Amino acid sequence: MLQLVWGGHKPLGAYDILDTLKRERRGAAPPTVYRALVFLLQQGPVHRIESRNAFVGCCLPETPHGGQFLICLVCGLAAELNDVRIDTAIRNGAAGAGFVVAHGAIEVEGLCPHCQDGEGG
Ligand SMILES: [Zn+2]
Ligand SMILES: [Zn+2]
């Protein structure tokens, strides 16, 4: 499962994962997949891309972090940007407002380098 999410650069939807699991393992029910995903999300190696309702492997599973994601609007590729300064700024700003951050991921949409010059290659 973990390798499955890590395997591609594109975020995987829960049902994509389920489909792959079904091919590999007969009888994998949706609740099993969701439980596994929740476990991975809580343990840190997988992030949820809220705007895509999809999951992507974390590039820094050892360290707790919110993570920033650059999501391409054309090809759907998601790159994780781990800038501690951004994390810290969010947490400090939130703390200043008396707010405790539970889920600090930032999703930035735009164009990946490949899609910016689709013609040139
Ligand atoms: Zn991460
Ligand atoms: Zn792209």
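Residues numbered from 1 in each chain as written. Chains lettered and ligands numbered in written order. Predicted model: local features only at pLDDT ≥ 70, side-chain atom pairs only at ≥ 80, totals over all residues.

S.K.: Where do I start with the sheet that holds strand β5 (residues 78–81) in this structure?
M.R.: Strand pairing in a sheet is mediated by backbone hydrogen bonds. Such pairs are either parallel or antiparallel. Read across the sheet, three strands follow the order β5-β4-β6 without closing on themselves; strand pairing throughout is mixed. A single partner strand is all that each edge strand has here, and the edge strands are β5 and β6 (106–110). Between one strand and the next, the sheet's axes are offset by a mean angle of 25°, whatever the strand orientation. (Pairing = 2+ DSSP bridges. Helix = DSSP H or I, 4+ residues; strand = E, 2+ residues; numbered from the N terminus. Axes fitted to C-alpha atoms, helices over the stretch in contact; angles between N-to-C directions.)

S.K.: Can you help me understand the environment of G110 in this one?
M.R.: You can see G110 is positioned in strand β6. Between the alpha carbons of G110 and L70 there is a distance of 7.1 Å; along the sequence they are 40 residues apart. The residues contacting G110, other than those within four sequence positions of it, are L70, C72 and L73. (Contact = placed C-beta atoms within 7 Å.)

S.K.: Just to check I follow, could you spell out the nonpolar core for this structure?
M.R.: Among soluble globular proteins, nonpolar side chains are generally buried collectively. Core analysis: the biggest nonpolar cluster contains 12 residues, these being L12, I17, L40, V46, I49, A54, F55, V56, C58, F69, I71 and A78. Those elements that place two or more of their residues in this core are β2 (46–49), β3 (54–57) and β4 (68–72). Considering each element in turn, this core owes the most residues, three residues, to β3. Ignoring any residue separated from it by four or fewer positions in sequence, one finds F69 in contact with I49, A78, E80, A105, I106, E107 and V108. (Core = buried A, V, L, I, M, F, W, Y, C linked by C-beta atoms within 7 Å. Buried ≥ 20, exposed ≤ 12 C-beta atoms within 10 Å, placed from the backbone.)

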